[in-house]
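Chain by chain, the residues run as shown.
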Amino acid sequence: MPTRPATTTVTAPWEPWWTGAVGYQVYLRSFADSDGDGIGDLEGLRRRLDHIAGLGVDYLWITPFYPSPQADHGYDVADYTDVDPAYGNLATFDRVVARAHRLGLRVVVDVVPNHSSDRHPWFLDATSSRDAAHRDHYVWRDPAPDGGPPNNWVSKFGGPAWTWHEATGQYYMHTFLAQQPDLNWANPAVHAAFEAILTFWLERGVDGFRIDTAHLLTEDPSFRDNPVLHEVAPGADAETVYHAFDHRHDLDQPDVLAIYRRWRELVAPYGALLLGEVGLFEPEPVGRYVADGALDLAFYFPALKVGWDAGAIRDELAAALAAGGDRLAWPLSSHDDPRATQRFGGGERGAARALAYLTVLVGLPGNAFLLQGDELGVDGTALTTADPERLGAHGVAGHDVAGRDVSRTPMPWDGQTNFGFTSGTPWLAFPDDTSLQDTVAGQEHGRSQLRRTRALLAERARLPDLRGDEELEWLEGPDALLAYRRGRTLIAMNTGRTYQPIPGGRDARARFVSTGEVRRDGDDLLAPPDAAVIAELRG
Ligand code: NOJ
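The following paragraphs examine the structure supplied in this document. This one's a predicted model, so the numbers in the text were calculated from it and none came from an experiment.

Cut-offs used in this document
- Residues numbered from 1 in each chain as written.
- Predicted model: local features only at pLDDT ≥ 70, side-chain atom pairs only at ≥ 80, totals over all residues.
- Heavy atoms only, no water.
- 1 Å grid on protein atoms, 1.4 Å probe; cavity = no way out; pocket = protein on both sides within 12 Å on 5 of 7 lines; lining within 4 Å.
- Points joined across faces, edges and corners; volume = space filled by probe spheres on them.
- Nonpolar A, V, L, I, M, F, W, Y, C, P; charged D, E, K, R; others polar.
- Helix = DSSP H or I, 4+ residues; strand = E, 2+ residues; numbered from the N terminus.
- Axes fitted to C-alpha atoms, helices over the stretch in contact; angles between N-to-C directions.
- Parallel < 35°, antiparallel > 145°, perpendicular 65-115°, else oblique.
- Contact = heavy atoms within 4.5 Å.
- Pairing = 2+ DSSP bridges.
- Near = heavy atom within 4 Å.
- Polar contact = N/O pair within 3.5 Å; in protein donor to acceptor, adjacent residues only side chain to side chain.
- Areas by Shrake-Rupley, 256 points an atom, 1.4 Å probe, with all protein chains shown as cover.
- Sits in = over half its atoms within 2 Å of the grid points.

Section: the layout of surface pockets
Considering only enclosed or pocket space, the largest pocket measures out at about 920 Å³ in volume. Lining the largest pocket are 44 residues, with Lys156, His215, His243, Gly279 and Phe281 positioned closest to its centre. Here the lining of the largest pocket is built from residues that sort into 17 nonpolar, 13 polar and 14 charged. The space that makes up the second largest pocket amounts to roughly 550 Å³. Forming the boundary of the second largest pocket are 29 residues, of which Ala351, Leu376, Gly377, Asp438 and Gln443 lie nearest the centre. Elements represented by at least two residues in the lining of the second largest pocket include exactly helix 11 (347–363) and helix 13 (449–462). If you tally residues by element for the lining of the second largest pocket, the top one is helix 11, at five residues. Considering only residue class, the lining of the second largest pocket consists of nine nonpolar, 13 polar and seven charged.

Quick look at the structure:
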């Protein structure tokens with residue numbers, strides 16, 4: 001029998017459990033290794049669930065643990081209803097869910113519906129002949145008249161989005177690596193297959209799904225060329241080439257929403273969450289995914305691109321809220337991008353700013369999201385030992401020399417060998433400057449990032465204004481200050497170099513400051529630089 005979380009929910013009983021929740025991303029490969037092979041696994045996660053529960057988050061999302069050749073670290077799935085032996089087995093998975101539920105944590109798993117692995121039995125069958133039973137599970141096209149790819153679509157990971165299959169004389173489509181063939185969502189059999197996959201995991205007790213590349217599933221039925229926005233220099237990196245096109249025909253097609261409306265009906269009886277990875281960078285299109293019974297929540301990625309500038313952050317967040325209301329998830333970091341600590345300048349200052357920004361995100365309607373290690377201020381900047389060959393396979397150019405590895409370094413737990421992550425050789429090195437102070441054990445004392453993160457999340461749990469549907473009102477103040485209120489709760493963040501007065505602060509009592517100390521100047525309440533304040537309005 002699947003378990004259900006023994007949660008002490010603070011939301012009203014008629015609200016879904018994720019209302020105003022905080023999520024925690026477990027990048028499984030790098031979380032905790034229980035068997036010494038250098039790769040994090042489900043048993044390692046189970047043993048460390050207390051750490052996650054102790055932070056005060058409501059749920060975790062576990063990145064793919066399904067059988068996979070690991071061409072894209074599990075985002076190339078060879079079997080959607082099993083566990084890769086490197087990560088454990090279905091029984092270990094069940095134990096993770098049971099323990100998480102006992103701790104009051106919900107569990108969300110990744111579903112990867114845009115593409116499978118080229119080792120998936122469906123694709124192996126599809127490539128056996130044009131008449132194969134699963135041929136139409138994938139997107140096949142005849143060559144263009146010159147024998148080249150059928151259109152000008154490009155892969156996000158470089159080169160054309162098409163690979164020639166000599167034996168059957170057609171091209172197949174892949175938005176990512178050639179080892180990740182796109183599934184054909186024009187085929188009802190693919191819909192049925194995924195409905196069965198979702199049901200399989202729901203019956204095992206999961207509390208929801210993070211939907212990989214939720215905006216990419218369907219394509220223009222006539223496969224027209226994408227308009228070229230501008231020319232790029234020969235040899236330009238994959239990201240530059242990708243962004244040189246207007247992707248009007250290969251992503252964000254209107255029919256994709258019908259898939260999620262159907263899934264919504266399917267998951268509703270289980271009270272499960274549909275959280276989409278909607279990789280679009282304008283508020284309105286993202287907002288469409290959470291309207292009219294489609295997804296429950298969509299990640300809003302521009303939130304992790306903004307620099308340390310109160311005005312720019314406010315504009316970004318305000319536009320997103322206007323389009324997505326309380327149905328957005330706000331990632332502080334992700335496994336595909338440099339972490340907040342690194343983006344905001346690295347080191348202690350970067351970590352302080354990341355915590356301030358998390359304070360702002362936690363107060364917004366919707367769900368704030370941490371990536372494992374954010375609670376320690378893990379940085380990644382000093383990662384110099386990334387393996388270029390491995391990056392060649394799944395790193396994304398355009399971020400930095402270490403591709404996506406900078407946000408995927410192993411969790412530092414304590415002062416043991418390899419910081420307690422593994423007794424073997426970690427699959428990816430720790431940043432060179434990692435020390436005991438960066439570990440969970442090393443941060444159990446003093447004013448550490450870990451203890452402050454816990455204090456922030458405890459404060460949130462005490463403030464019902466931040467959990468329900470309380471309206472958000474932006475407050476005008478100095479340029480370097482972002483401020484809003486919800487009910488009687490006021491949140492302000494100072495990106496300047498000096499103390500800044502908080503609008504409305506005269507009538508407020510500070511309850512939490514991310515780093516530093518608040519000051520009073522006459523009646524004014526002042527926020528310290530590189531910090532955020534939560535205050536309660538009096539009267
Ligand atoms: C988004 C995932 O976050 C990323 O890691 C992966 O490479 C792509 N989707 C393809 O599945």
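Description of the packing of helix 11 against helix 13
Between helix 11 and helix 13, the least distance of the axes is 11 Å, while the angle of their chain directions is 10 degrees. On the basis of the axis angle, helix 11 is roughly parallel to helix 13. Taken together, the residues of helix 13 that come into contact with helix 11 (itself represented by Ala351, Ala352, Leu355, Leu358, Thr359 and Val362) are Gln449, Arg452, Thr453, Leu456, Leu457 and Arg460.

A closer look at the sheet that holds strand 5 (residues 162–165)
The three strands are arranged 4-6-5 in an open sheet whose pairing can be described as antiparallel. What marks the edges here is a single partner per strand, and that holds for strand 4 (140–141) and strand 5. Of the strand pairs in this sheet, strand 4 and strand 6 (residues 170–173) are connected by two bridges, and their pairing is antiparallel. Along strand 6, the bridge assignment pairs Arg141 with Tyr171.

Some details on the site of the ligand
Near the ligand lie 13 residues; those nearest to it are Asp72, His115, Asp212, His335 and Asp336. Between His335 and the ligand, the recorded distance is 2.9 Å, taken from a side-chain N or O atom to an oxygen atom. Protein contacts shield 98% of the accessible area of the ligand, which totals 290 Å² for the unbound molecule. In a pocket analysis with a 2 Å cut-off to the grid points, the ligand is assigned to the largest pocket. Tallied by class, the residues present in the shell around the ligand amount to three nonpolar, three polar and seven charged.

Just geometry here; none of it tells us what the structure is for.
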